[in-house]
Amino acid sequence: MKKLLVLIILVAALAGGAWFLLRDDGLVEQVTEERIEAALIEKGAPPQLAGCMAGRMVDRLSLLQLKKLERLRAQEGESGIPISPGDLLARIRRVDDPEAVEQLASAAALCSLGLGGD
């Protein structure tokens, strides 16, 4: 009986922690947005553009989709930034998630035009 009570308390604590972390304004979303923004700035995006894009992307993509976008990074033998349309297309194909690529392109376009605010 004592083990069952401890197990119930543990499950309740984990559920409460998960709810806190995964809610709309939770820690996971905040950390994810900061990581996206930092990655965009590292790749040369101006801070204001990176912040706008990160905000849009974290609201519209799942964590799995954001993880898939990491496949856009240069692999061994590739330049840091795609230097030809073929290089860019190869990286986009690696993502294998049209919605994620569409949201990335949409965020870049809208934010660069100053239309990215929700």
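All values derive from a computational prediction rather than experimental measurement.

Student: Explain helix α3 (residues 47-60) to me, please; I cannot follow it from the model alone.
Tutor: Helical periodicity: at 3.6 residues per turn, an α-helix aligns residues three or four positions apart in one direction. With 14 residues, α3 ought to run about 20 Å at 1.5 Å a step, and its terminal C-alpha atoms sit 20 Å apart, in line with that. Among the residues of α3, A50, M53, A54, G55, R56, M57 and V58 are the ones counted as buried.

Student: Where do I start with the state of the cysteines in this structure?
Tutor: The bond known as a disulfide is covalent and runs between the sulfur atoms of two cysteines. In total, this model carries one disulfide according to the counting rule given. For C52, the disulfide goes to C111, at an S-S distance of 2.0 Å. Torsion about the S-S bond of the C52 and C111 cystine: about -75 degrees, corresponding to left-handed handedness. With C52 in helix α3 and C111 in helix α6 (residues 98-112), this pair connects stretches of sequence that are 59 residues apart. Using a relative accessible area of 10% as the deciding quantity, one classes C111 as buried.

Student: When you look at the pattern of salt bridges in this model, what are you seeing that I'm missing?
Tutor: A side chain with one charge may pair with a side chain of the opposite charge, provided their charged atoms come close. For the structure shown, the criterion picks out six salt bridges. The partner of K67 in a salt bridge is E70, and the shortest N-O contact between them spans 3.1 Å. As a salt-bridge pair, E78 and R91 come within 3.5 Å of each other at their nearest N and O atoms. Placement of the pair is E78 in the loop between α4 (63-69) and α5 (85-95) and R91 in helix α5, with a sequence separation of 13 residues. Overall, R91 belongs to the buried group, its relative accessible area being 4%. Through salt bridges with shared partners, a single network forms among R35, K67, E70 and R73.

Student: Any chance you could explain the side chain of R94 here in plain terms?
Tutor: Here R94 lies in helix α5. There is a polar contact of 2.9 Å between the side chain of R94 and the side chain of E78. Excluding residues that lie within four positions of it along the chain, R94 makes contacts with R71, L72, R73, Q75 and E78.

Student: Even after reading the chapter, I still don't get the confidence of the model for the chain, so can you show me in this structure?
Tutor: Overall, the prediction assigns the chain a mean pLDDT of 79, with 74% of residues at 70 or greater. Per-element mean pLDDT across the chain ranges from 60 in helix α1 (residues 2-22) up to 91 in α6.

Student: How should I be thinking about the layout of surface pockets in this particular structure?
Tutor: Think of a ball as big as a water molecule: rolled over the atoms, this probe shows where empty space is left. Here the largest pocket is characterised by a volume of approximately 1,000 Å³. Together, 29 residues line the largest pocket, and L40, K43, L69, L72 and L104 are the ones closest to its centre. Listing elements by their share of the lining of the largest pocket, those giving two or more residues are α2 (27-42), α3, α4, α5 and α6. Residue contributions to the lining of the largest pocket peak at six residues, all from α2. Taken together, the residues of the lining of the largest pocket sort by class into 20 nonpolar, two polar and seven charged.

Student: Explain the environment of L104 here, please?
Tutor: By the element assignment, L104 lies in helix α6. Taking C-alpha positions, L104 is 9.3 Å from L61, a pair spaced 43 residues apart along the chain. Those residues in contact with L104 that lie beyond four places of it in its chain are M53, M57, L69 and L72.

Criteria and cut-off values
Residues numbered from 1 in each chain as written. Predicted model: local features only at pLDDT ≥ 70, side-chain atom pairs only at ≥ 80, totals over all residues. Heavy atoms only, no water. Helix = DSSP H or I, 4+ residues; strand = E, 2+ residues; numbered from the N terminus. Expected span 1.5 Å × (residues − 1). Buried < 20%, exposed > 50% of the residue type's maximum accessible area, 1.4 Å probe, protein only. Disulfide = S-S within 2.5 Å. Salt bridge = Lys/Arg side-chain N within 4 Å of Asp/Glu carboxyl O. Polar contact = N/O pair within 3.5 Å; in protein donor to acceptor, adjacent residues only side chain to side chain. Contact = heavy atoms within 4.5 Å. pLDDT = per-residue confidence, 0-100. 1 Å grid on protein atoms, 1.4 Å probe; cavity = no way out; pocket = protein on both sides within 12 Å on 5 of 7 lines; lining within 4 Å. Points joined across faces, edges and corners; volume = space filled by probe spheres on them. Nonpolar A, V, L, I, M, F, W, Y, C, P; charged D, E, K, R; others polar.

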